Amino acid sequence: MAQRPVYEIGTTGSSIHNTDVELNVFVSDIHFRIDLFTANFECNPRLLKEYLLHVEHSDPEYIPPLPENSYDIEFVDPLEEFYEWATKPFLPLFREIRPLDCKRLYTLQDCLFPKQVRYTLQLAGDELVPVPLDATVDRAPVGVLLPPAKKLDSSIFPVYRPSDIHIRLSDDAVALPTRPGKVYIKGQDVCFFKKLQPSDISMTHRELSTYAKIHAAELKEDVRTSRLLGVVEDEGTSRIAGFLLSYIDCENKTLLYSGWGPNQTSLREKWIQQITHSIHELHAHQIVWGDAKPNNVLVDVLDDAYLVDFGGGYTNGWVDKELVNTVEGDLQGLERIAKYLSKVPA
């Protein structure tokens, strides 16, 4: 596989009704939306075959066959291969874009509302060439618009504008992050930014309500849960772009993949004790965790376990559907988490 171009991959859109695909790539501070239409490839059987093969292989449910001696072969993500194939005609255009300015102060305003351009690929002889399209068509909204009955109560949590929240780029950043995690309130207080999608209305309302209860309960520090520090709202649309949560330095480690290896028994016992205590304290204040499962438990660098994600719901195998968002569901999830940890190889 050739050296990866200087871009970051965003979300990929597709439909069960056809083989058209929407690719999203980010170069520096510009968002490229690339709409690929099957009809544009039909005049060239070779390119049509390549395109449809990439579409098939990029399906999340596609399982590539394992070659012989697969242990000696480096895995290549089919989606990354698709993006490399589709963006090759764009490389001269990408190279003309000015790199990120490491001395500039970037904010969530830059990340959530970047300049967007829209292209497709069309045939010019036997070659594919980028062709610009109208970038204002079907531009997705940013954040959740709560109905009046579920309007945000700004007296409980501070409301910030995207321009108030700063990000710090890594030294090798080639584009602004599409889902910034670690951010800073006005350049000072560190927190975690949880980006919200337009369809997350019920989840957003429930999570706001639960965090308000946690705030009112004044729980002690040994009740290890994420805490809501503020809300990011776009002033122009009144949409909630995301939550500012207490920063848990976990290096992306969850309970699902923790505790493996020798001499981890005492750690697993510690985690169960911490999770049990946190859940019981929440229940004592009429607060329900919700989607109880190992993936919603973060393990920080000090090996402490924190409950996160209070948006509700359930996950098969951890909480039964009829017990969703109940105390009984939390206790069932706790029991199954403990059982899971007891089976982790020592």
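Keep in mind that this is a model prediction, so the values were computed, not measured. (Residues numbered from 1 in each chain as written. Predicted model: local features only at pLDDT ≥ 70, side-chain atom pairs only at ≥ 80, totals over all residues. Heavy atoms only, no water.)

**Student:** What is the right way to look at the pattern of salt bridges in this model?
**Tutor:** For side chains of opposite charge, pairing can occur when their charged atoms come near one another. All told, the structure shown has 14 salt bridges when counted by the stated rule. The closest approach of N and O atoms between R161 and E233, which form a salt bridge, is 3.2 Å. Of this pair, R161 sits in the loop between strand 8 (159-160) and strand 9 (165-167) while E233 is found in strand 12 (residues 228-233), placing the two residues 72 residues apart along the sequence. E233 sits in the buried class, given a relative accessible area of 16%. With its nearest N and O atoms 4.0 Å apart, the salt bridge here joins D304 to R224. (Salt bridge = Lys/Arg side-chain N within 4 Å of Asp/Glu carboxyl O. Helix = DSSP H or I, 4+ residues; strand = E, 2+ residues; numbered from the N terminus. Buried < 20%, exposed > 50% of the residue type's maximum accessible area, 1.4 Å probe, protein only.)

**Student:** Help me understand the packing of helix 6 (residues 265-284) against helix 7 (residues 327-342) in this model?
**Tutor:** Each pair of packed helices can be described by the angle between their axes along with the distance between the axes. The interhelical angle for the contact between helix 6 and helix 7, taken along N-to-C directions, is 175 degrees, at an axis separation of 10 Å. As summarised for this structure, helix 6 and helix 7 are arranged roughly antiparallel, according to the angle between their axes. The residues of helix 7 that touch helix 6, namely those facing R268, I272, I275, T276, I279, H280 and H283, are V327, D330, L331, L334, I337, A338 and L341. Partitioned by chemical class, the residues of the contact of helix 6 with helix 7 number 9 nonpolar, 3 polar and 2 charged. (Axes fitted to C-alpha atoms, helices over the stretch in contact; angles between N-to-C directions. Parallel < 35°, antiparallel > 145°, perpendicular 65-115°, else oblique. Contact = heavy atoms within 4.5 Å. Nonpolar A, V, L, I, M, F, W, Y, C, P; charged D, E, K, R; others polar.)

**Student:** Can you help me understand the domain arrangement of the protein in this one?
**Tutor:** One widely used convention gives an interface's size as the accessible area the parts lose upon coming together. Looking at the protein, the domain boundaries give domain 1 (8-132), domain 2 (148-246) and domain 3 (265-342). The distance between the C-alpha centroids of domain 1 and domain 3 comes to 38 Å. (Domains from an automatic or database assignment.)

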